[in-house]
Amino acid sequence: MPVAGNGKNVRMTDEELRSYLNRPVRLTLDDGRVLAGRLSLDSDGGQYTVDSAPLRQNEDGKREEITPRRVTTIEEAFDDPAAR
C-alpha cells in the first residue's frame, strides 16, 4: 500500500486510517513525531491506538492513542521491528 498523505498540513480521514487497521504501520503526527506499531481501533470503534513493540529486552512496549486528524502520513511497515 502506498504512503497516504503528504506530510504537510493535510490530515487523514477515518476512512484512510481504517484501511491500515491491524497492520504494522509507520505514521507521522502533526507534531512531527513518528510512530511505528500495529494500528488498532478500540472495541467502541472510537479511539485508534498504535502499539509499538519494545526496542530493548526487559522493556515494555508503548501504546499511543491517536485521532485521524493528528496523522499527516501513514504507510505499511512490515519491515520495521518496532511496528510488529
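Residues numbered from 1 in each chain as written. Predicted model: local features only at pLDDT ≥ 70, side-chain atom pairs only at ≥ 80, totals over all residues. Heavy atoms only, no water.

S.K.: Which parts of the structure should I look at to understand the pattern of salt bridges?
M.R.: Here the idea is simple: oppositely charged side chains can pair when their charged atoms come close. As enumerated under the stated definition, the model contains 9 salt bridges in all. With a closest N to O distance of 3.6 Å, Arg 26 and Asp 79 form a salt bridge. One end of the pair, Arg 26, is in strand S1 (residues 24-29); the other, Asp 79, is in the segment after strand S5 (71-76), and 53 residues separate them in sequence. For Asp 79, a relative accessible area of 61% gives the class exposed. A salt bridge links Arg 70 to Asp 30; the shortest N-O distance between them is 3.2 Å. One end of the pair, Arg 70, is in the loop between strand S4 (62-66) and S5; the other, Asp 30, is in the loop between S1 and strand S2 (34-41), and 40 residues separate them in sequence. For Arg 70, a relative accessible area of 22% translates into the label partly exposed. Judged by relative accessible area, which is 38%, Asp 30 ranks as partly exposed. Among the ionic contacts, a cluster of salt bridges with common partners joins Asp 30, Asp 31, Arg 33, Glu 64 and Arg 70. (Salt bridge = Lys/Arg side-chain N within 4 Å of Asp/Glu carboxyl O. Helix = DSSP H or I, 4+ residues; strand = E, 2+ residues; numbered from the N terminus. Buried < 20%, exposed > 50% of the residue type's maximum accessible area, 1.4 Å probe, protein only.)

S.K.: Looking at this model, I keep getting lost on the environment of Pro 54. Mind explaining?
M.R.: Looking at the element boundaries, Pro 54 is found in the loop between strand S3 (48-52) and S4. Once the C-alpha coordinates of Pro 54 and Pro 81 are considered, the two residues, 27 residues apart in sequence, prove to be 9.1 Å apart. Among residues more than four places away in sequence, those in contact with Pro 54 are Glu 59, Asp 60 and Gly 61. (Contact = heavy atoms within 4.5 Å.)

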